[in-house]
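Read off the chains here:
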Amino acid sequence: MSAPSRNPTEPHPVTQGPRAQDPVTPVPGAQGPATQDPPPTALFDRRTRDAAAERPFRGSGRTAGRPNIVFILADDLGWGDLGCFGSLHNRTPSLDALASQGLRFTHGYATSATCSPTRLGLYTGRYPGRLTAGLEEPLGTRDEHHGIPADHPTLPSLLVDVGYRTAMIGKWHCGWLPWFSPLKAGFQTFYGNLDGAVDYFGHFDTSGQPDLWDGEEPVTEQGYYTEIIGRHAAAYIREAGDDPFYPQVNFTGAHWPWEGPDDEELSRHIADEPADTHEESLRRLFHADGGSLAKYGEMVAALDASIGEVLAALDAKGMRDNTIVVFASDNGGERWAFMWPFVGEKGDLEEGGIRVPLIVRWPAVIDAGQVSDLPNATFDWTATLLDAAGATPDADHPLDGTSLLGWLTGTQDAPQRDLLWRTREQGAVRRGHYKLLVDRHGHSVWHNLFGTDGRPSYRLFDLSADGREKADVADQHPGLVAELKAVWRSFDEELLPYPDASAWDASADGASSRGASTSGRSTPGRSTTGGQCPGLPD
């Protein structure tokens, strides 16, 4: 039976169970793209070319012993920035091949719309708003209160308890020394940066200070930071012994500043700009006058090549079969990123801010060449990886994520639950193919023709038909809207309040009065975090 036609820019419909996907033509054992990419100057949607090589996900029925784990996190990568997700410009052969060798998720989400909260969610398996550090979007305050407490169980600490070796290579952004570091959160080794952004060649942070560390000791190393991270991660894998391992590989690509592998001179120019204050140092690194689609493509290509080096190290050790490789982005993209067909970007709870490219490969359990539209979020993989490793979550810190292991092995149906998000300005609930989007302060649309009185607005979208979130169907489903409102209000109340939040008046419909701000969306130079530094990087 031939596959039904579908516009490749539209999201797939929602999966109701492990075998309720749309049929597509299978190509068993697909290992990579069937044809060569066009010349770099051509515009070509590789999803159209490779669609027939993907088949809807089916659990294999296989299980495996304790796997190695390699979690690769990109920075600010848009949903469509990979060839296998529809990029028309970027060349990503390593990640396209990874997708063809495993499972590509079309409805993968970041736990937050900004960087540090998603990372907190990944390491703790919990909503970032359960920690003080998670209330800054992104994290900027450098003190003893803003980070992952040393006694908080984490993905790496729980894996260490069952015999894993753990390492972090790359970006941390979950608190600063002397109070916090990866070594204080369960990672046994660390090589990387602590801040939310660094220059790719000078390796200085948003305060203008050097930010490259081996453990908790400052170091220097020459080179392009994306390549440095890939090189150290590959070396870690090559030197692995007999114990199962978990390296967390956190690239800063494709985050600003907009520097490709040949832009060392540009890096020196940025470093030479006068910056006498932290805000000036941040603005310098933010690189508002830089970048282009071509430059962004260079950065993504470098990211892809370094990930290829990491994957090659696994193959050289003969470890591909029973290693879970997870690739994701920490949030949606911004400026030069490609998020089509979605609206919104990093910082927003529209799909462009939270829908991310997500790929999982585990040959021992997952058949190659598959695709799934199962909605899932970053911290679901915390629960899944702990489950696969035989580690038990801490009873005093119950996970908010849901393990997908039973679904992956084919022994359980797809989990049916709500996904929830909260930021200072917005909230969201996804249930099945519906999504309630909450704007804490409603805003006028279409040249103010449809104005608001500033109270919260609640819009409902059917993502199976409207991935761009333009057709508000709330009036067609009042009962569902009421249910999702109640779910979101309860969720909002359960998390910590934003420390400098202004009350928002929603008494007309009985909504919560916590956690809002009238300051607008965060931009460089404008603080909405309550932290000590304005407009911090994410």
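Residues numbered from 1 in each chain as written. Predicted model: local features only at pLDDT ≥ 70, side-chain atom pairs only at ≥ 80, totals over all residues. Heavy atoms only, no water.

1. Section: the overall build of the protein
Helix and strand counts for the protein stand at 12 helices and 17 strands. Taken over 538 residues, the protein has a buried fraction of 59%. When contacts within the protein are restricted to residue pairs at least 6 apart in sequence, those whose partners lie at least 24 apart make up 72%. Here the protein displays about 19800 Å² of accessible surface, and carbon together with sulfur accounts for 52% of that area. (Helix = DSSP H or I, 4+ residues; strand = E, 2+ residues; numbered from the N terminus. Buried < 20%, exposed > 50% of the residue type's maximum accessible area, 1.4 Å probe, protein only. Contact = heavy atoms within 4.5 Å. Areas by Shrake-Rupley, 256 points an atom, 1.4 Å probe, with all protein chains shown as cover.)

2. Thoughts on the environment of Phe-327
Along the polypeptide, Phe-327 turns up in strand S10 (residues 323–329). When the C-alpha atoms of Phe-327 and Ile-72 are compared, they prove to be 4.8 Å apart, with 255 residues separating the residues in sequence. Setting aside its immediate chain neighbours within four residues, Phe-327 contacts Ile-72, Ala-74, Leu-77, Leu-82, Leu-95, Leu-98, Ile-307, Pro-357, Leu-358 and Ile-359.

3. Quick word on helix H5 (residues 225–238)
Over its 14 residues, H5 extends 20 Å from the first C-alpha to the last, a length consistent with the 20 Å expected when each residue adds 1.5 Å. Among the 14 residues that make up H5, 10 are buried, leaving the element largely enclosed by the rest of the structure. Along H5, the residues classified as buried are Tyr-225, Thr-226, Ile-228, Ile-229, Gly-230, Ala-233, Ala-234, Ala-235, Tyr-236 and Ile-237. At its buried positions, H5 is contacted by strand S2 (68–74), strand S5 (165–171), strand S6 (189–193), strand S9 (245–250) and helix H8 (293–316). (Expected span 1.5 Å × (residues − 1).)

4. Here's the deal with the sheet that holds strand S15 (residues 426–431)
Spatial ordering of the open sheet is given by S14-S15-S16-S17, a layout of four strands whose pairing is antiparallel. The strands lining the two open edges of the sheet, one partner per strand, are strand S14 (419–422) and strand S17 (457–462). Taking the axes of each pair of neighbouring strands and ignoring which way they run, one obtains an average angle of 10° across the sheet. As judged from the six bridges shared by S15 and strand S16 (residues 434–439), these two strands associate in the antiparallel manner. The residue bridging Gln-426 from the neighbouring strand is Asp-439, located in S16. Relative to S15, helix H12 (residues 478–494) is tilted by about 125°, and along the sheet it contacts S14, S15, S16 and S17. (Pairing = 2+ DSSP bridges. Axes fitted to C-alpha atoms, helices over the stretch in contact; angles between N-to-C directions.)

5. Focus: empty space enclosed by the protein
Here the structure, examined in full by the defined rule, presents four cavities of 30 Å³ or more. Lining the largest cavity are 17 residues; nearest its centre among them are Thr-111, Pro-128, Gly-129, Arg-422 and Leu-495. In terms of residue count, the dominant contributor to the lining of the largest cavity is S14 (three residues). Grouping the constituent residues of the lining of the largest cavity by class yields 10 nonpolar, five polar and two charged. (1 Å grid on protein atoms, 1.4 Å probe; cavity = no way out; pocket = protein on both sides within 12 Å on 5 of 7 lines; lining within 4 Å. Points joined across faces, edges and corners; volume = space filled by probe spheres on them. Nonpolar A, V, L, I, M, F, W, Y, C, P; charged D, E, K, R; others polar.)

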